[in-house]
Amino acid sequence: MSTALSSLEPPLVEERIAHRDVTGLIDPDCVVVIGATDRRRSVVAEAIAGGGRAFLVHPSGESILGEDVYTSVRELPEVPDCALMLVGHQAIVDVMREALEFGIRAFVLPGLGAESGAHAAEAIAAVLELADSYDAAILGPNCMGMAVPNGGSMYVANVPKTFRRGHVSVIAQSGSIADAMLNCGPRIGFRAVFSTGSEGNRDAADLLMGVAEDPQTEAIGLFVETVRRPEAFADGLRACAEAGKPVVCLKVGRSRVAAQAALAHTGAMVGSSVAFSNFIHHHGGIEVTDTSTFMEALEILGQPKWPTGVRLGAISESGGECGMLADAAEPTGLEFPPMPYEVVASLQERFPNFLNPANPLDAWMVDETEVVFPESLELMAYSGEFDVLLAQVDITQYRGDAENDWCLAIVKGLAQATKDRRIFPAVTTVHVTDPPRRIASFAAAHGVALLRGTRASVEALAAVSAWHPFTARDLDAHDEVDVSDLLRPGALTEHESAEIMERYGIPMADRRLAEGAEEAVAAAQDLGFPVVVKMNGPAHKATVGGVALGLNSVEEVSVATQAFGGSVLVAQEVASGPEVICGMTRDPHYGPVVAVGIGGRYAEALSLTATSLAPLTHDQAVRLVRRAPGLSKLTTEETFDAIVYTVLVLSRLAMDHPTIVEADINPLILGPNGAVAVDALIVVEDPEQ
């Protein structure tokens, strides 16, 4: 394997990008509240309620909640692991210096936000300089803090009693989203919720690495507004995936500004939001796009077992809701396999009123609800044909007691049918209100996910079901191709771009450069008619009338050459066939993104592409081509392989030559025995722009 490729393999643990220590923030054994006053008694009470060692400090020394209060950090009998700083901007620098000198190395700093006004920036700069000089970790400033169930939270808002213990950790750059996690009721069991605020000297990447190593965390929710250090962020995602811990990521504030400035077709189709999506998936994360799906995914991952496949077996109290469920699932990649013949026969034998049992199964009024639903679920589970058993039932606390009695019976039947089986049990409902407490308590105790909103629930199931633990990528070995003689800043000519592609093994239509009509005619005669004559140079020549197709005579070539100003590219005309676009664009934050899809002059408008972050293995390239909408229907085995090879070349090109920022092959024309590229564009970074 070449040095260039081997350096791209995921680093070993000891070779990871330097992450800053957050141990004191994630799992402190001893804490101190500095600035503890009666005015903040609820915050103080929560911080010291965890059962661990806790101290209070305030210059007044006045007792709070019956607890002793030290007048200075220097009086403490031991050095705490973490300090909650309830101190205003006027005193924060001096208090921080004293705490650092005493030996404290982790701080939760909720202040220095809007309440500090114009003084905030100066105070923040001084605090961060002090903390960095001692290599101390700060959560914040301007954050809500860190919350854990059952007391011990260093959090400046109410921590409700319904905030229950579990194995899901959430890292949120938004304090409001962090607070929403605490106030979602008892549906999700949390290890901890971290509000990172302004991320002074510890960011989401550091906390990702921290929870990856935390034995009490098994799944992570991540709400992101900005990625400050993409390489460290990627490393944290990989560390979580390697540890078998899914990361569900919701990012807001995505923009298409970068795409508007792109020269190549691919760059215009792959905006920064698409690049981020590929970035998350490439490094083992799960992306969702709204808070509803985010919450449902965390509900799923909060269960003792997770979905292991995409085969759904479903039952419902309504034929209409069966159809709604199937409609929601179809675009997500989840499958509703046909009801197995043996199950159909057993259902009809046990319940003759089942005329045509199908999947999803409408069991309403077939027999007593408390009988037909549990027994049908048991038969479906016993078949072994389903990865997920799902009941679409209208569970809400506002339904009548009698109806909720049989809703509970269905949930119990679902739990029993999946017990000791590798089948994930879930309930979906059209409602978004809380279920009755007795149903919620039973579901939580027996590992049944109670999901809300059919579409969000199905999207979350699909996202989690498709996740698998990260394994190191086995990149295909190849020797770096020398194209240094052709690289210069800016957009290369088509002839130069095509030569680079040819050096990497991409078949290009035969072509000749010509200056004037006489050379163009000679080139056409050498290539053999019909030929294509193109302007030599600009990108997207067809859109400005710079391409003449199907020229079959000396006269036609001469006229076209003169019309294009004399400097032209004469190329062999390739027989028409399905057209494919393959391209690469380098996102400034997340790296090179490879795209493939149906091509031609309308490729950008249609944007029927699939994308992935580079580098790619052969298997990843195969999956990428299969994901491109409609593309597989246009291919034979030979042309499919040709597209895969082209995608791999673009991935290698991006990794071998970091100065290449965009590359397009559009179109790649599919023929009976393979594919030929008839146009290419490569753009090289211009340091002056």
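Predicted model only: the values in this text are computed from it and were never measured. (Residues numbered from 1 in each chain as written. Predicted model: local features only at pLDDT ≥ 70, side-chain atom pairs only at ≥ 80, totals over all residues. Heavy atoms only, no water.)

## Looking at the overall build of the chain
To keep it simple, the criterion reads: For helices the rule is a DSSP run of H or I covering at least 4 residues; for strands it is a run of E covering at least 2, with both sets numbered from the N terminus onward. The classification of residues rests on relative accessible area computed with a 1.4 Å probe and restricted to protein chains. Under 20% of the type maximum is buried, over 50% is exposed, and intermediate values are partly exposed. In this description, contact between two residues means that some pair of their heavy atoms is separated by no more than 4.5 Å.
Secondary structure assignment for the chain yields 24 helices and 28 strands. For the chain, the spread of C-alpha atoms along the three principal axes comes to 100 × 80 × 40 Å. Of all 689 residues assigned to the chain, the portion counted as buried reaches 56%. Considering only contacts within the chain whose residues lie at least 6 apart along the sequence, 69% involve residues at least 24 apart.

## Notes on the state of the cysteines
We apply this condition: Pairs of cysteine sulfur atoms within 2.5 Å are what we label disulfides.
Counted under the stated rule, the structure contains zero disulfides. Cysteine 240 supplies the cysteine sulfur nearest to cysteine 249, a cysteine that is in no disulfide, at a spacing of 11 Å.

## Some remarks on helix H16 (residues 401-418)
Selection criterion: Here the expected length of a helix is defined as 1.5 Å per residue gap, with one fewer gap than residues.
Along its 18 residues, H16 runs 26 Å from first to last C-alpha, staying within 8% of the 26 Å computed at 1.5 Å per residue. Buried within H16 are the following residues: Asn404, Trp406, Cys407, Leu408, Ala409, Ile410, Val411, Gly413, Leu414, Ala415, Ala417 and Thr418. If you follow the buried residues of H16, they end up packed against helix H15 (369-382), strand S15 (388-392), strand S16 (424-428) and helix H17 (437-446). Backbone geometry just downstream of H16 places aspartate 420 in the positive-phi region, at approximately 60°.

## Some words on the pairing of strand S28 (residues 680-684)
Where we set the bar: Here, a strand pair is defined by DSSP locating no fewer than two bridges between the strands.
Burial within S28 is extensive, with five of its five residues counted as buried. Both faces of S28 are covered, namely the face carrying Ala680, Ile682 and Val684 and the face carrying Leu681 and Val683. As defined by bridge partners, strand S18 (residues 490-491) adjoins S28 across two bridges and the pair is classed as antiparallel. In the sheet register, glycine 490 faces S28, and the bridge partner there is valine 684. Where strand S26 (residues 660-671) and S28 come together, five bridges link them in antiparallel fashion. Looking across to S28, one finds that glutamate 662 is bridged to valine 683.

## Thoughts on the packing of helix H23 (residues 618-627) against helix H24 (residues 637-656)
Convention followed: Here an angle of 0 to 180 degrees is reported between the N-to-C directions of two axes, which are lines fitted to C-alpha atoms, with helices fitted over the stretch in contact. Each crossing is labelled by how the near helix is turned from the far one, with a counterclockwise turn of less than a right angle marking it left-handed and a clockwise turn marking it right-handed. Any residue that is not Ala, Val, Leu, Ile, Met, Phe, Trp, Tyr, Cys, Pro, Asp, Glu, Lys or Arg is counted as polar, Gly included; the first ten are nonpolar and the last four charged.
Where H23 meets H24, the closest approach of the two axes is 9 Å, and the angle between their N-to-C directions is 120°. Considering only the axes of H23 and H24, their crossing is right-handed. For the pair H23 and H24, the contacting residues are His618, Ala621, Val622, Leu624, Val625 and Arg626 in the first and Phe640, Ile643, Val644, Val647 and Leu648 in the second. Considering only residue class, the contact of H23 with H24 consists of nine nonpolar, one polar and one charged.

## Here's the deal with the pattern of salt bridges
Note on pairing: side chains with opposite charge can pair once their charged atoms come close. To keep it simple, the criterion reads: By convention in these notes, a salt bridge is any Lys or Arg side-chain nitrogen within 4 Å of a carboxyl oxygen on Asp or Glu.
Across all of its chains, the model carries 28 salt bridges by this definition. The partner of arginine 187 in a salt bridge is glutamate 296, and the shortest N-O contact between them spans 2.8 Å. With a gap of 109 residues between them, arginine 187 in the loop between helix H6 (175-182) and strand S9 (189-195) and glutamate 296 in helix H12 (residues 291-301) connect regions that are remote in the sequence. You can call glutamate 296 buried: its relative accessible area is 4%. Ionic pairing is found between aspartate 510 and arginine 512, a salt bridge with its closest N-O pair at 2.9 Å. Aspartate 510 gets classed as partly exposed once you look at its relative accessible area, which sits at 35%. Residue arginine 512 is classed as partly exposed on the basis of its relative accessible area of 27%.

## What about the side chain of serine 153?
Heads up, the condition is: Each polar contact in these results corresponds to two N or O atoms within 3.5 Å; when the atoms are within protein, one needs to be able to donate a hydrogen and the other to accept it, and residues that are neighboring in sequence are counted only if both atoms are side-chain atoms.
Here serine 153 lies in the loop between strand S6 (145-147) and strand S7 (154-155). Polar side-chain contacts of serine 153 include one of 2.8 Å to the backbone nitrogen of valine 148. Those residues in contact with serine 153 that lie beyond four places of it in its chain are Glu46, Ala47, Met146, Ala147, Val148 and Val159.

## So, the packing of aromatic side chains
Put simply, the test is: The rule is short: rings of Phe, Tyr and Trp, with Trp giving its six-membered ring, pair when the centres are within 6.5 Å, and they are stacked under 30 degrees, edge-to-face over 60, tilted in between. Should the NZ of a Lys or the CZ of an Arg lie within 6 Å of a ring centre and within 35 degrees of the ring normal, that charge is described as sitting over the ring.
Enumeration according to the criterion identifies eight aromatic pairs in this entry. Taking 5.3 Å as the distance between ring centres and 65° as the angle between the ring planes, the aromatic pair formed by phenylalanine 276 and tyrosine 590 counts as edge-to-face. Of this pair, phenylalanine 276 sits in helix H11 (residues 272-282) while tyrosine 590 sits in the loop between strand S23 (579-587) and strand S24 (591-598), placing them 314 residues apart in sequence. A relative accessible area of 1% places phenylalanine 276 in the buried class. The interplanar angle of 85° and the centroid separation of 6.1 Å between the aromatic rings of phenylalanine 351 and phenylalanine 354 together place this pair among those described as edge-to-face. Across this residue pair, the class does not change: phenylalanine 351 and phenylalanine 354 are buried. Put simply, the rings of Phe233, Phe276, Phe279 and Tyr590 pair up and form one aromatic cluster. Cation over ring: lysine 251 sits above phenylalanine 276, and NZ or CZ is 5.4 Å from the ring centre. The ring of phenylalanine 442 has lysine 412 sitting right over it, with the charged end atom 5.7 Å from the ring centre.

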